[in-house]
2 protein chains.
Amino acid sequence: MLPGLMQTAPLQISQILSFASTAHGGRAIVSRAVDEPIWRYDWAGCEARSRQLANMLRSMGVAAGDRVTSLAWNTHRHLELFFAVPGMGAVLHTANPRLSDEQIAYTINHAGSRVLLFEKSFVDLIDRLRPHLTNIEHFVLLTSADNLATTSFEAAGYEALIAVEPATFDWPVFDENSAAFLCYTSGTTGDPKGALYSHRSVVLHAMAGGLNGALGLSAFDVVMPCSSLYHATAWGLPFIAAINGCKLVLPADRMDAAGLDELIRDEGVTCSGGVPTIWTMYLAHLERTGGNTGALRTLTIGGSAVPRAMAESFQQRHGVAVRQLWGMTETSPIGVVATPTPLLAAEGDEAMDEVIWTRQGRMQFGIELRIVDEDGKPLPHDGETSGNLMVRGPWVIARYFRHEEPATDADGWFDTGDIATIDRFGFMRITDRAKDVIKSGGEWISSIDLENIASACPGVRIAAVVGLYHPKWEERPLLLIEPHEGEVVTPEQILAFLEPRILRWWMPDAVVIAPVPLTATGKIDKKLIRDRYRDHLT
Amino acid sequence: MLPGLMQTAPLQISQILSFASTAHGGRAIVSRAVDEPIWRYDWAGCEARSRQLANMLRSMGVAAGDRVTSLAWNTHRHLELFFAVPGMGAVLHTANPRLSDEQIAYTINHAGSRVLLFEKSFVDLIDRLRPHLTNIEHFVLLTSADNLATTSFEAAGYEALIAVEPATFDWPVFDENSAAFLCYTSGTTGDPKGALYSHRSVVLHAMAGGLNGALGLSAFDVVMPCSSLYHATAWGLPFIAAINGCKLVLPADRMDAAGLDELIRDEGVTCSGGVPTIWTMYLAHLERTGGNTGALRTLTIGGSAVPRAMAESFQQRHGVAVRQLWGMTETSPIGVVATPTPLLAAEGDEAMDEVIWTRQGRMQFGIELRIVDEDGKPLPHDGETSGNLMVRGPWVIARYFRHEEPATDADGWFDTGDIATIDRFGFMRITDRAKDVIKSGGEWISSIDLENIASACPGVRIAAVVGLYHPKWEERPLLLIEPHEGEVVTPEQILAFLEPRILRWWMPDAVVIAPVPLTATGKIDKKLIRDRYRDHLT
């Protein structure tokens, strides 16, 4: 090869902050904070305080490569950690407060963090965990309070600590493949596994995420991340917003409908997103109050499948476009986003809505996607054939933290554990989790499809389908139904509703009316359901 | 540092084509061709033919790192060279037919190219150059013609050559810093200098170029590059279009008003751009014919300052936004693009238009910009202070091809040779070329500002200002005026027009009415003017 002669300076997260601070310095950042009034500053202010924070961490002895843990909401202080910790060459472990005590302690110890910064909401949690946290040398409470009498243990106050530090700090330059963030998966089996994002992966992900085929943000947008900063960096939104000069609105932990409604209207939010649940509640709130969506134009929804009725209502009643996004901690997390294309639009509005509302997303530049059969053979993109979904690209994991073996196959493909179809327009639809698919008599039954149809039955709040051992067919579906409060549904009603809507051999062998157990992240706990009903069909 | 654990596969130009072909395979590409009907295919078709082309070049013995020269217009075959040559690991030298015979031969020999592919328009040129081209082993005429009797020398026909090749070719994977394109500057002094773009620089430039703060393209856009593919890869538009799934329209060499008008309306062009001249002609054509701009929404103009009247007419009469872009071969070429921001918009429409129409652009993510004084000390971004414009970033040159010394200072800053101001909103305005600025009695006079004002004088077609040696003031301005055809202007009229509009000490010491000489690329040839009038003031 002939070497090119362009500059090869490394991609660094500090460049994102410096750009926002220089080119969009006066663009606002607004944040709720725990037990404090709403905080307002701008990108220039954010860089100044991030530099103070970097000096503070250096004073504590934090060095390049060291890990620092946050237990924090979507707040301006957490945002400062997002820039200061990787900016100085250290690694931010964003601990997930939704995990069990044991799992939180496990991740902090596994990370080997030396400093733990946490919101007031987590004082009791930290008090419980403290005896088990072997490496933490400094506890810092993310507060402006002078009086930290709320903690029974020795902790310093964030504002007091950074106030004494200068706002000058030269962001160091280092290898772009250096670690920046450590995000643990909330796997339902085994210990959480850590994805160790690099500066290169974060910067490339942020550049691609702003494109119009993905989130499509501009300097005129006001972005409110309602995915948690501790969940795969809230889809990289702090970085995508900074690169595009957006105003940023941070709701802390106030994801309730009234709290969102207030920020959306008061701050002129144009783009938000997160899991479907909070937006279903917001929509109900609007109907109850007769409210409006202000300047809101797009909601990007991920984490679970989007209820079609919600997407339809947002579009038809409020002119708000709902876009699905699919990804996982291992993909930084943006994998695909369901944005329209002219080839799809040419099929007509109805056909387009159908695709946009029912597909998890469309191929993005940077992420290669393919579906393969059990032998790893690529399958056609016909929208019909389903197979194991594999991804590859510069923001996909190569290896879990402290694991010896790679997380991918020899060609770099990461097996997502999802079963999906891909159509000729590049749209991807998840038909099941590989471990949830039901293998009946050599054929596959999609638990997700069955759940979606059963959920539409009047009176049903949640429907969960698992495959149970069956002596003749290998596996057969069991359908668990949790009715809306105060409503009564019977297995016979459910079966009668399903009958005209599904293939005969998809009919569940049993329908049980009972509460549906959820995991710490609000997903259906299929492992528990399978354990609980193990012998139900035999 | 702690190494991150994300994938580190190199960024490659072939990924751009494969993405467009997979995710937007059916999106159209339409191209004029020399003496052939309009060509139509799509991104999938483009990848298939690019693979055939790669096989053809391999059959000719082209290996990784080898140079291949194109002398071609904005056509589909040139587009295929853009993907196939770097895709296979070789380097595409896009020769500039606007240079002199000697300079073209110099660049081809300096590149050390083994294959030369050229349009029918250049048969005579090649015939003249042939005895001087020391390395070329294969001449290929970019034509579908079976009969190549038009050439007096042995050349093969492109279509016949690729027709026999298979459309399967595995794009190799290699270091992302490998060379991809070799683009020579058309410097007015000395030999042309080669900028050697890498795969990394091209891919990062293309990702950033699509963002809404830059060109802001989406899959619904129809992009017609009217900057030449041989000028710094036409601003990377082929790559930006592919990443965003745009329809691409290629006008070959038909940049005349009627030719553009036809493509804009017939193909639904939404975004185009190029040098101001062609768009001034297009606007005059619309007025003459009473035509409309169809779906056109944005014209991005670079290469010379945008005439304010043109920008205003496009916006007010046709609803087409005109955006300035500044860059150079050494910056790949996107440096800054004048896109609005909410902070600027808050100043009011008039103030915003003023900035957008008179600034060369606004800071983009990826390119650092600063102005420094003669000692290299950074100057404030106050919109008033002007200084030497320096740039740095992953698509800025590090060293010219076959030069020993770096093209930048020790910190990686490249001196653009422009004098500029930067304002608090990040907008940059070129006030002069460093070598054109007039140093009078210790103060600077901007030749560009003087020219802009003199150009507005009735009857003036082109105004050119140079600084000439003056025994007392060091330098004083000479103003050369070329009137519109058939119009008469006198030096006295010019001076009377200038008097109320400029500082007293800016008044030119001499006004000469004469044709203004232009360079090969249509810029005012100030070197020639300075030579011609050297002793005019003494």
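Residue numbers run consecutively from 1 along every chain, following the written order of its sequence. Here chains are named by letter from A upward and ligands by number from 1 upward, in the order in which they appear as written. With pLDDT at 70 or above as the cut-off, local features in this predicted model cover only qualifying residues; side-chain atom pairs require 80 or more to be listed or tallied, and sums for whole chains, interfaces and linings still use all residues. Side-chain metrics rest on all non-hydrogen atoms present in the structure, leaving aside hydrogens and water.

Undergrad: Just to check I follow, could you spell out the overall build of chain A for this structure?
TA: The helix and strand tally for chain A stands at 16 helices and 25 strands. Atoms counted for the radius of gyration: C-alpha only. Globule rule: 2.2 Å times residue count to the power 0.38. At 24 Å, chain A has a C-alpha radius of gyration in line with the 24 Å of a compact globule built from 538 residues. Over its C-alpha atoms, taken along the principal directions, chain A stretches across nearly 70 × 60 × 55 Å. The classification of residues rests on relative accessible area computed with a 1.4 Å probe and restricted to protein chains. Under 20% of the type maximum is buried, over 50% is exposed, and intermediate values are partly exposed. A total of 538 residues make up chain A; the buried ones form 62% of that total. When checking whether two residues touch, look at their non-hydrogen atoms; a contact exists if any pair is within 4.5 Å. Nonlocal contacts in chain A, meaning residues at least 24 apart in sequence, comprise 67% of its contacts between residues at least 6 apart. Charge convention: Lys and Arg are scored as positive, Asp and Glu as negative, and His as well as the terminal groups of each chain are ignored. Positions of charges follow a simple convention, taking NZ of Lys, CZ of Arg, CG of Asp or CD of Glu. Charged side chains of chain A number 46 positive and 64 negative; the gap between the two group centres comes to 1 Å. A run of DSSP states H or I qualifies as a helix once it reaches four residues; a run of E qualifies as a strand once it reaches two. Both are numbered from the N-terminal end.

Undergrad: Is there a simple way to think about the pairing of strand 8 (residues 179–184) of chain A in this case?
TA: Residues and elements named next belong to chain A. For strand 8, the buried fraction is high: 6 of the 6 residues fall into the buried class. Pairing between two strands is assigned when DSSP locates at least 2 bridges connecting them. Note: strand 4 (residues 91–94) against strand 8, 2 bridges, orientation parallel. Along strand 8, the bridge assignment pairs H93 with L182. Pairing of strand 8 with strand 9 (residues 194–198), which is carried by 5 bridges, proceeds in the antiparallel orientation. Among the inter-strand pairings, L182 is bridged to a residue of strand 9, identified as L196.

Undergrad: It is not clear to me how helix 10 (residues 257–267) of chain B should be interpreted in this structure. Could you clarify?
TA: Note that an α-helix has 3.6 residues per turn; residues three or four places apart therefore point the same way. All names here are of chain B. Buried residues of helix 10: A257, G259, L260, D261, L263, I264 and E267, and no others. Those residues of helix 10 hidden inside the fold are in contact with strand 1 (28–33), strand 2 (36–42), strand 10 (222–225), strand 11 (247–250) and helix 11 (276–289). After helix 10 finishes, the residue G268 shows a positive phi value of roughly 70°.

Undergrad: Would you mind going over the sheet that holds strand 5 (residues 115–118) of chain A with me for this structure?
TA: Across a sheet, strands are paired by hydrogen bonds formed along the backbone, either parallel or antiparallel in direction. Residues and elements named next belong to chain A. Taken together, 7 strands build an open sheet; the order of strands is 7-6-5-3-4-8-9 and the sheet is mixed. The sheet is open, and its two edges are formed by strand 7 (156–157) and strand 9, each paired on a single side. Contacts from helix 7 (residues 199–209) reach strand 8 and strand 9, with the element oriented near 75° to strand 9. Interaxial angle, 0 to 180 degrees, is taken between N-to-C directions of lines fitted to C-alpha atoms, where a helix line uses only the stretch in contact.

Undergrad: What's the story with the packing of aromatic side chains in this structure? I'm lost.
TA: Where two aromatic rings form a pair, the distance of their centres and the angle of their planes describe that pair. Each aromatic pair joins two rings of Phe, Tyr and Trp (for Trp, the six-membered one) with centres within 6.5 Å, and gets the label stacked for planes under 30 degrees apart, edge-to-face for over 60, and tilted for any other angle. All chains considered together, the criterion is met by 30 aromatic pairs over all chains. Here B:F169 and B:W171 contribute two aromatic rings whose centre-to-centre distance is 5.2 Å and whose plane-to-plane angle is 55°, an arrangement assigned as tilted. For the pair shown, B:F169 and B:W171 are each scored as buried. Of the aromatic side chains, those joined through ring pairs into one cluster are A:W43, A:F82, A:F83, A:F181 and A:F239. Residue placement shows A:R501 over the ring face of A:F497; its charged tip is 3.7 Å from the ring centre. Should the NZ of a Lys or the CZ of an Arg lie within 6 Å of a ring centre and within 35 degrees of the ring normal, that charge is described as sitting over the ring.

Undergrad: Quick question: what am I supposed to make of the pattern of salt bridges here?
TA: Residues and elements named next belong to chain B. Salt bridge, as used here: a side-chain nitrogen of Lys or Arg that lies within 4 Å of a carboxyl oxygen of Asp or Glu. Tallied over the entire structure, the rule returns 60 salt bridges over all chains. Between E137 and R114 there is a salt bridge; the shortest N-O distance is 3.0 Å. Of this pair, E137 sits in the loop between helix 5 (123–129) and strand 6 (138–141) while R114 sits in the loop between helix 4 (101–111) and strand 5 (115–118); the two residues are 23 residues apart in sequence, bridging distant segments of the chain. You can call E137 partly exposed: its relative accessible area is 45%. Notably, a salt bridge pairs E312 with R308, separated by 3.6 Å at the nearest N-O pair. Of the two residues, E312 and R308 are both situated in helix 12 (residues 308–318); the distance of 4 residues between them amounts to about one turn of the helix. Owing to a relative accessible area of 35%, R308 belongs among the partly exposed residues under this scheme.

Undergrad: Looking at this structure, I do not really get the relation of the copies chain B and chain A. What am I missing?
TA: Least-squares superposition aligns the copies on the C-alpha atoms of those residues with pLDDT at or above 70 in both. Overlaying chain B with chain A gives an RMSD of 0.1 Å, the required rotation being 180° about an axis along which the chain moves by 0.0 Å. Put plainly, the chains are arranged around a two-fold axis. No C-alpha of chain B lies nearer the rotation axis than that of B:L211, which sits 2.7 Å from it. Comparing interface residues between copies, 100% of those in chain B also sit at the interface in chain A, which points to an isologous, same-surface contact.

Undergrad: Mind showing me how you'd approach the interface of chain B and chain A here?
TA: Accessible area lost upon the coming together of the parts is a frequently used measure of interface size. The interface is formed by 73 residues belonging to chain B together with 73 residues belonging to chain A. Accessible area, probed at 1.4 Å, shrinks when two parts are joined; the buried area is that loss added up over both. Taking both sides of the interface into account, the surface hidden between chain B and chain A amounts to around 5800 Å²; carbon and sulfur atoms contribute 69%. The interface formed by chain B and chain A holds 2 salt bridges in total. The salt bridge involving B:R200 is made with A:E176; its shortest N-O contact spans 2.7 Å.

Undergrad: Got a minute to help me understand the pairing of strand 9 (residues 194–198) of chain B in this structure?
TA: Looking down a regular strand, the side chains alternate between one sheet face and the other. Of all 5 residues in strand 9 of chain B, 5 are buried; the element is thus mostly enclosed. Residues B:G194, B:L196 and B:S198 of strand 9 of chain B are buried on one face, and the alternating residues B:A195 and B:Y197, pointing to the opposite face, are buried as well.

Undergrad: Is there a simple way to think about the side chain of B:D525 in this case?
TA: Residues and elements named next belong to chain B. With respect to the helices, strands and loops of the structure, D525 is situated in the loop between strand 25 (510–513) and helix 17 (526–532). For the buried residue D525, which engages in no salt bridge, the nearest side chain bearing the opposite charge is K527, 6.6 Å off. Distance and chemistry together define a polar contact, namely a pair of N or O atoms within 3.5 Å, with one atom able to donate a hydrogen and the other to accept it when in protein, and with adjacent residues in sequence counting only for side-chain atoms on both sides. Within the structure, D525 has its side chain in polar contact with the backbone nitrogen of L528 (distance 3.1 Å). In this view, D525 contacts P517, L518 and T519; residues no more than four positions away in its chain are not counted.

Undergrad: What's the story with the packing of helix 9 (residues 257–267) of chain A against helix 10 (residues 276–289) of chain A in this structure? I'm lost.
TA: Packed helices, taken two at a time, are described by their axes: the angle between them and the distance between them. Residue and element names in this part refer to chain A. Relative to each other, helix 9 and helix 10 sit at 75°, their axes nearing to 9 Å. Viewed along their axes, helix 9 and helix 10 adopt a mutual orientation that is roughly perpendicular. On helix 10, the residues that touch A257, A258, L260, D261 and I264 of helix 9 are I278, W279, M281, Y282, H285 and L286. Under the convention adopted here, Pro, Cys and the residues Ala, Val, Leu, Ile, Met, Phe, Trp and Tyr are nonpolar, Asp, Glu, Lys and Arg are charged, and Gly plus all remaining residues are polar. Considered class by class, the residues forming the contact of helix 9 with helix 10 number 9 nonpolar, 1 polar and 1 charged. In what follows, roughly perpendicular refers to angles from 65 to 115 degrees, roughly parallel to angles under 35, roughly antiparallel to angles over 145, and oblique to any angle outside these ranges.

Undergrad: Looking at this structure, I do not really get the nonpolar core. What am I missing?
TA: What tends to happen in soluble globular proteins is that the nonpolar side chains get buried as a cluster. Here, the term nonpolar core denotes a set of buried Ala, Val, Leu, Ile, Met, Phe, Trp, Tyr and Cys residues that are joined through side-chain atoms within 4.5 Å. Formed by 182 residues in total, the largest nonpolar core has its most connected members in A:W43, A:F83, A:F181, B:W43, B:F83 and B:F181. Aside from chain neighbours lying at most four places away, what touches A:F181 is A:I13, A:F82, A:P86, A:V91, A:L92, A:T94, A:A195, A:L196, A:Y197, A:V202, A:T233 and A:F239.

Undergrad: Teacher, can you tell me more about empty space enclosed by the protein here?
TA: A probe as big as a water molecule, rolled over the atoms, marks out the empty space that is left. With a 1 Å grid laid over protein atoms only, a set of points is called a cavity when a 1.4 Å probe fits there but cannot get out and a pocket when it is open yet has protein on both sides within 12 Å along at least five of seven lines; lining residues have an atom within 4 Å of a point. Grid points are joined across faces, edges and corners, and a volume is the space filled by probe spheres set on the points. Per the stated rule, a full pass over the model turns up 8 cavities of 30 Å³ or more. The calculated volume of the largest cavity comes to roughly 100 Å³. If you go around the largest cavity, you meet 15 residues; those closest to its centre are A:G213, A:Q364, B:F19, B:I243 and B:N244. Here the residues of the lining of the largest cavity sort into 8 nonpolar, 6 polar and 1 charged. Here the second largest cavity is characterised by a volume of approximately 80 Å³. Taken together, B:L215, B:L217, B:V223, B:W235, B:L237, B:C271, B:S272, B:G273, B:T298 and B:T300 make up the lining of the second largest cavity. Among the elements of the structure, strand 12 (271–274) and strand 13 (298–301) of chain B are those that each provide at least two residues to the lining of the second largest cavity. The greatest single-element share of the lining of the second largest cavity, amounting to 3 residues, is contributed by strand 12 of chain B.

Undergrad: How should I be thinking about the side chain of B:Q364 in this particular structure?
TA: All names here are of chain B. In this fold, Q364 is placed in the loop between strand 16 (361–363) and strand 17 (368–372). For Q364, a relative accessible area of 7% corresponds to the buried category. Side-chain polar atoms of Q364 contact the backbone nitrogen of A214, separated by 3.4 Å. For Q364, the side chain forms a polar contact with the main-chain oxygen of V337, separated by 3.4 Å.

Undergrad: I keep staring at the environment of A:R399 and nothing clicks. Help me out?
TA: Counting through the fold element by element, A:R399 comes out in the loop between strand 18 (387–392) and strand 19 (414–422). Separated by 129 residues in sequence, A:R399 and A:T270 have C-alpha atoms that sit 36 Å apart. What A:R399 contacts, discounting residues up to four positions off in sequence, is A:E404, A:E405, A:P406, A:A407 and B:L5. Among the polar contacts made by the side chain of A:R399, one reaches the main-chain carbonyl oxygen of A:H403 at a distance of 2.6 Å.

Undergrad: Is there a simple way to explain the packing of helix 10 of chain A against helix 11 (residues 308–318) of chain A in this structure?
TA: Residue and element names in this part refer to chain A. The N-to-C vectors of helix 10 and helix 11 enclose an angle of 40°; their axes lie 10 Å apart at closest approach. Put simply, helix 10 runs oblique to helix 11. With respect to the hand of their crossing, helix 10 and helix 11 are arranged in left-handed fashion. Residue-level inspection shows P276, W279, T280, Y282, L283, L286 and E287 of helix 10 in contact with helix 11, the latter providing M310, S313, F314, R317 and H318. Note on convention: the crossing is left-handed when the near helix lies turned anticlockwise from the far helix by less than a right angle, right-handed when the turn is clockwise.

Undergrad: Could you clarify how one ought to interpret the environment of B:W43 in this entry?
TA: When you line up the elements, B:W43 lands in helix 2 (residues 43–59). Spatially, the C-alpha atoms of B:W43 and B:L537 are 59 Å apart, while their sequence positions differ by 494 residues.

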